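# Understanding the architecture of this molecule
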Amino acid sequence: MRRAWQTGMIALARSPKIKRWAQEKGLAAGLVGRYVAGPDAEAGIARAKSLLGQGIRSSLFYLGEYVDRPELVAENVAQERKVADLLGRAGIEVHVSVDPTQIGHSLDPALARRNGLAVAEAIAAVPGDAPRLMMIDMEDRTVVDPAIALHDALTAAGLPVGITLQAYLRRTEVDLRERIRQGAAVRLVKGAFAAGREHAFVSQDEIKANHRRLIGLMLSREAREAGFRPVIATHDDRLQDHAVAQAEAAGWSRGEYEFEMLYGVRSALAERRVREGHRVRVYLPFGRDWWPYAIRRIGENPRNAWLLARSLIGG
Ligand code: FDA
């Protein structure tokens, strides 16, 4: 039932016709508002400010996915630079998430490297002393090597950059150990993609077991001594509890590591972590191309079926 629901929602998310129709008609816009800050960078900044009032930091993400034309790539890069500038002007942390394919990886990997450099330089150049980071999102298995190479090159150039690694991939332990040695910023996620057994853990139990093990490495004494910056990005409260226990055992204080969750998903859990004294961030998307992202989020939980039906009937 869960799988059928999710597969159906992914098909809805990918259909260009339905996307155009839904975005033009504002279909399910009420429900979508749960997962997306608004249509433009200004709306993203306004929501980031109000979240900060509740003690929650944000990572802004411009919704321009699966781009296949140079002008769309250029628009994505312009939006990412613009939101960095606006965050700086608003005097809040300059934290921007960037997908490799969004900045041109599928058109030309060299273009993605140039654009990654341009966005990271724009973030570094924002006036003021607010903390700042360009967090590289991770996509399917074929993008992992170039994404890590981009991260390492920007780090070597002294630019503020972090990288997302995925617990479902077998290679991640090696990638993570090297980034711990570098004292990098790593956001660990489960992974929203699938791959064959030779490359990936396939069952949910295997993935979860690897996720727990990798959290243990991220929150080890050695990682802390290396200046590593761990970001535990999951909505699974048991994995988060595991991270807290690991951190306490290895001498990390609350605030030295971070929990990151998707905006609109398990908000009560995010608020609870803030009350407990943890550092919490949400991944905060903005932009007009909201249908594929929001429908994927709705598809992650069958309990959202009723909410979706109600919001479609309501207009
Ligand atoms: P899991 O899916 O087991 O969910 C844990 C609990 O949260 C369950 O109770 C579940 O029902 C509930 N839940 C989850 N989604 C929900 C929803 N939409 N509505 C209501 N309840 C919901 N992936 C990737 O491949 N590359 C990337 O760059 C990123 N980036 C990223 C950033 C951040 C900040 C996060 C939190 C996640 C990502 N992801 C990602 C997605 C990630 O790989 C994964 O698919 C999701 O986080 C879901 O996995 P969880 O670990 O949250 O556990």
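Here, the structure is the one placed above.
So, here's what we can say about the structure. (Residues numbered from 1 in each chain as written. Predicted model: local features only at pLDDT ≥ 70, side-chain atom pairs only at ≥ 80, totals over all residues. Heavy atoms only, no water.)

## Observations concerning the site of the ligand
The condition is simple: Definition of nearness: a residue and a molecule or strand are near each other if at least one heavy atom of the residue lies within 4 Å of the molecule or strand. Counting of polar contacts relies on pairs of N or O atoms within 3.5 Å, with two restrictions inside protein: one atom must be capable of donating a hydrogen and the other of accepting it, and residues adjacent in sequence are counted only when both atoms are side-chain atoms. Only the protein chains shown count as covering a residue, and every accessible area follows the Shrake-Rupley method with a 1.4 Å probe. Per the convention used, a helix needs a DSSP run of H or I reaching at least four residues, while a strand needs a run of E reaching at least two, with both numbered from the N terminus. By the convention adopted, Pro, Cys, Tyr, Trp, Phe, Met, Ile, Leu, Val and Ala count as nonpolar, Lys, Arg, Asp and Glu as charged, and the other residues, Gly among them, as polar.
Around the ligand, the surrounding shell holds 25 residues, and the nearest of these are Met 138, Gly 191, Thr 234, His 235 and Arg 297. Ala 192 is positioned with one of its backbone polar atoms (N or O) 2.8 Å from an oxygen atom of the ligand. Between the ligand and His 235, the relevant distance is 2.8 Å, taken from an oxygen atom to a side-chain nitrogen or oxygen of the residue. Contact with the protein chains hides 86% of the accessible area of the ligand, taken as 940 Å² for the molecule alone. Of all the secondary structure elements, the ones that give two or more residues to the shell around the ligand are strand E4 (161-166), strand E5 (185-189) and strand E7 (258-262). When residues of the shell around the ligand are assigned to their parent elements, the largest contribution, three residues, is made by E7. Class assignment of the residues belonging to the shell around the ligand gives a composition of 10 nonpolar, seven polar and eight charged.

## A closer look at empty space enclosed by the protein
Stated precisely, the cut-off is as follows: Two kinds of site are reported from a 1 Å grid over the protein atoms alone, namely cavities, where a 1.4 Å probe fits but cannot get out, and pockets, open sets with protein on both sides within 12 Å along at least five of seven lines, and residues are called lining when an atom falls within 4 Å of a point. Grid points are joined across faces, edges and corners, and a volume is the space filled by probe spheres set on the points.
Across all of its chains, the model carries one cavity of 30 Å³ or more by this definition. Pro 100, His 105, Pro 109, Ala 112, Arg 113, Pro 146, Ala 147 and Leu 150 are the residues that line the largest cavity. Of all elements in the fold, only helix H6 (109-125) and helix H7 (144-156) reach the threshold of two or more residues within the lining of the largest cavity. Of the residues belonging to the lining of the largest cavity, the class tally is six nonpolar, one polar and one charged.

## What to know about the pattern of salt bridges
The following threshold applies: Salt bridges are counted wherever a side-chain nitrogen of Lys or Arg sits within 4 Å of a carboxyl oxygen of Asp or Glu. Each residue is assigned to one of three classes by its accessible area relative to the maximum for its type, calculated with a 1.4 Å probe on protein chains only: buried under 20%, partly exposed between the two thresholds, exposed over 50%.
Counting across every chain of the model gives 24 salt bridges. A salt bridge links Lys 82 to Glu 42; the shortest N-O distance between them is 3.2 Å. Taken together, the positions of Lys 82 in helix H5 (residues 70-90) and Glu 42 in helix H4 (residues 41-53) put the pair 40 residues apart, joining distant regions of the chain. With a relative accessible area of 35%, Lys 82 lands in the partly exposed category. With a shortest N-O distance of 2.9 Å, Arg 89 and Asp 85 are connected by a salt bridge. Taken as a pair, Arg 89 and Asp 85 lie in helix H5 at a separation of four residues, close to a single helical turn. Of the residues examined, Asp 85 reaches a relative accessible area of 28% and is grouped as partly exposed. When salt bridges with common partners are traced through the structure, they connect Arg 57, Glu 93, Glu 258, Arg 279 and Arg 281 into a single cluster.

## Some thoughts on the packing of aromatic side chains
Rule in force here: The rule is short: rings of Phe, Tyr and Trp, with Trp giving its six-membered ring, pair when the centres are within 6.5 Å, and they are stacked under 30 degrees, edge-to-face over 60, tilted in between. Remark: a charge is flagged as sitting over a ring if the NZ atom of Lys or the CZ atom of Arg is within 6 Å of the ring centre and within 35 degrees of the ring normal.
In the structure shown here, the tally under the stated rule is five aromatic pairs. A cation over an aromatic ring shows up here: Arg 170 above the ring of Phe 201, its NZ or CZ 4.6 Å from the ring centre. For the cation-ring pair, Arg 273 lies above Phe 259, with the distance from its terminal atom to the ring centre recorded as 5.5 Å.

## Comments concerning the environment of Val 274
This is how it is decided: Two residues form a contact once any of their heavy atoms are found within 4.5 Å.
Locating Val 274 in the fold gives a position in helix H12 (residues 267-275). Overall, the relative accessible area of 22% leaves Val 274 in the partly exposed class. For the pair Val 274 and Gln 54, spaced 220 residues apart in sequence, the C-alpha separation works out to 8.3 Å. Residues in contact with Val 274, not counting those within four places in the same chain, are Gln 54, Gly 55, Ile 56 and Val 280.

## Some remarks on the environment of Asn 301
The topology assignment puts Asn 301 in the loop between helix H13 (291-299) and helix H14 (304-313). Taking relative accessible area as the criterion, Asn 301 reaches 27% and is therefore assigned partly exposed. Residues Asn 301 and Trp 5 lie 296 residues apart in sequence; the distance between their C-alpha atoms is 8.4 Å.

## A closer look at the pairing of strand E3 (residues 132-136)
Look at any regular strand and the pattern is simple: side chains alternate between the two faces of the sheet. To keep things clear, this is the line we draw: Two strands qualify as a pair provided that DSSP identifies no fewer than 2 bridges between them. Crossover handedness is defined by viewing with both strands directed away from the observer: a clockwise path from the first strand over the helix to the second marks the crossover as right-handed.
Counting buried residues along E3, five of its five residues qualify, which places the element largely inside the surrounding structure. Covered by surrounding structure in E3 are Arg 132, Met 134 and Ile 136 together with Leu 133 and Met 135, the residues of both alternating faces. As paired elements, strand E2 (residues 94-98) and E3 share five bridges and run parallel to each other. Residue pairing across strands places Ser 97 opposite Met 135, the latter belonging to E3. Read from E2 through H6 to E3, the crossover connection turns out right-handed. Judged from the three bridges that link them, E3 and E4 form a sheet pairing that is parallel. Across the sheet, Met 134 pairs through a bridge with Val 161, a residue of E4. Regarding the hand of the β-α-β motif, the stretch spanning E3, H7 and E4 is right-handed.

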